[in-house]
Amino acid sequence: CAPRAPPLPRRLARLAAALRAPREPRERLLRLARLGERLPPPSTALVAADGTRVSSCTSMVDVLARPSGSGSLRLDGAADSRLARGLVALLVQGLRGERAETLLALDPAQVG
């Protein structure tokens, strides 16, 4: 029996539940696209950083995780498609202020 993943951080769990709530797949995709519209423009740190491109992705997606002074993560991301931008926004907003250990312990299947 594999060990259970820890529960999702509260903010990420709330966002994921809101995205899963509609019964219609089209409405779920629209919610994801709207979430992506709230993603801030890429920071200068993301633009200047090497190695931020997500491999094996059909869209151009960049994600940068940096430690903040308090030990939590500062996530930044950008994507060239509406849906990919929504997924990046889900991570950036859902994991804001969390520690690196939380990010590393995530089970993507939990986000759904």
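Residues numbered from 1 in each chain as written. Predicted model: local features only at pLDDT ≥ 70, side-chain atom pairs only at ≥ 80, totals over all residues. Heavy atoms only, no water.

Trainee: Before we move on, could you go through helix 4 (residues 82-94) and cite the residues and values that matter?
Mentor: In a regular helix each residue adds 1.5 Å, so 13 residues correspond to 18 Å; helix 4 covers 18 Å between its end C-alpha atoms and thus fits that length. When helix 4 is considered as a whole, its buried residues turn out to be Ala-84, Gly-86, Val-88, Ala-89, Leu-90, Val-92, Gln-93 and Gly-94. (Helix = DSSP H or I, 4+ residues; strand = E, 2+ residues; numbered from the N terminus. Expected span 1.5 Å × (residues − 1). Buried < 20%, exposed > 50% of the residue type's maximum accessible area, 1.4 Å probe, protein only.)

Trainee: Give me the lowdown on the pairing of strand 1 (residues 61-67), citing residues and values where you can.
Mentor: Direction of pairing for strand 1 relative to strand 2 (residues 73-79): antiparallel, over a ladder of seven bridges. The residue of strand 2 that forms the bridge with Arg-66 is Arg-74. (Pairing = 2+ DSSP bridges.)

Trainee: Tell me about unusual backbone geometry, and please be specific about residues and values.
Mentor: With the exception of glycine, most residues fall at negative phi, and the peptide bonds are largely trans. Residues other than glycine seldom take positive phi values, yet Ser-56 does so here, at roughly 60°. Residue position: Ser-56 is located in the loop between helix 3 (44-48) and strand 1. Take Ser-56: its relative accessible area is 84%, and that puts it in the exposed class.

Trainee: Lay out the packing of helix 1 (residues 10-20) against helix 4 with the relevant residues and their values.
Mentor: Packing of helix 1 against helix 4 brings their axes to within 8 Å, and their N-to-C directions diverge by 150°. Comparing the axis directions of helix 1 and helix 4 gives the class roughly antiparallel. Only Leu-90, Gln-93 and Gly-94 of helix 4 make contact with helix 1, whose side of the interface consists of Arg-11, Leu-12, Leu-15, Ala-16 and Leu-19. Each residue belonging to the contact of helix 1 with helix 4 can be placed in one class, and the counts come to five nonpolar, two polar and one charged. (Axes fitted to C-alpha atoms, helices over the stretch in contact; angles between N-to-C directions. Parallel < 35°, antiparallel > 145°, perpendicular 65-115°, else oblique. Contact = heavy atoms within 4.5 Å. Nonpolar A, V, L, I, M, F, W, Y, C, P; charged D, E, K, R; others polar.)

Trainee: I'd like a description of the confidence of the model for the protein, backed by residues and values.
Mentor: Per-residue confidence for the protein gives a mean pLDDT of 90, with 96% of residues at or over 70. Mean pLDDT across the secondary structure elements of the protein bottoms out at helix 6 (residues 108-111), with 80, and peaks at helix 2 (residues 25-37), with 97. (pLDDT = per-residue confidence, 0-100.)

Trainee: An account of the nonpolar core is requested, with residue identities and associated values reported.
Mentor: Counting residues in hydrophobic clusters, the biggest one holds 18 residues, and the most contacted among them are Leu-12, Leu-35, Val-88, Leu-90 and Val-111. Within the residue set of this core, elements represented by two or more residues are helix 1, helix 2, strand 2 and helix 4. Of all the elements, helix 4 adds the most residues to this core, at five residues. In contact with Leu-35, other than residues within four places in its own chain, are Leu-15, Leu-19, Gly-86, Ala-89, Leu-90 and Gln-93. (Core = buried A, V, L, I, M, F, W, Y, C linked by side-chain atoms within 4.5 Å.)

Trainee: Help me get a handle on helix 1, residues and values and all.
Mentor: Taken residue by residue, helix 1 has Leu-12, Leu-15, Ala-16 and Leu-19 as its buried positions. The arc enclosing the buried residues of helix 1, seen along the axis, measures out at 100°, which places them on a common side. Turned more than 90 degrees away from the buried face of helix 1, the exposed residues are Arg-10 and Arg-14. Each element contacted by the buried residues of helix 1 is listed here: helix 2, helix 4 and helix 6. (Arc of directions from axis to C-beta.)

Trainee: Give a detailed account of the pattern of salt bridges, specifying residues and quantitative values.
Mentor: The full count for this structure, using the stated rule, is four salt bridges. The closest approach of N and O atoms between Arg-31 and Glu-27, which form a salt bridge, is 3.7 Å. Placement of the pair is Arg-31 and Glu-27 together in helix 2, with a separation of four residues, close to one helical turn. The class for Glu-27 is partly exposed, based on a relative accessible area of 28%. For Asp-62, the salt bridge is made with Arg-53, and the minimal N-O distance between the two is 3.1 Å. Since its relative accessible area comes to 14%, Asp-62 is described here as buried. Using a relative accessible area of 47% as the deciding quantity, one classes Arg-53 as partly exposed. Here the salt bridges do not stand alone but share partners, grouping Glu-27, Arg-31 and Arg-34 into one network. (Salt bridge = Lys/Arg side-chain N within 4 Å of Asp/Glu carboxyl O.)

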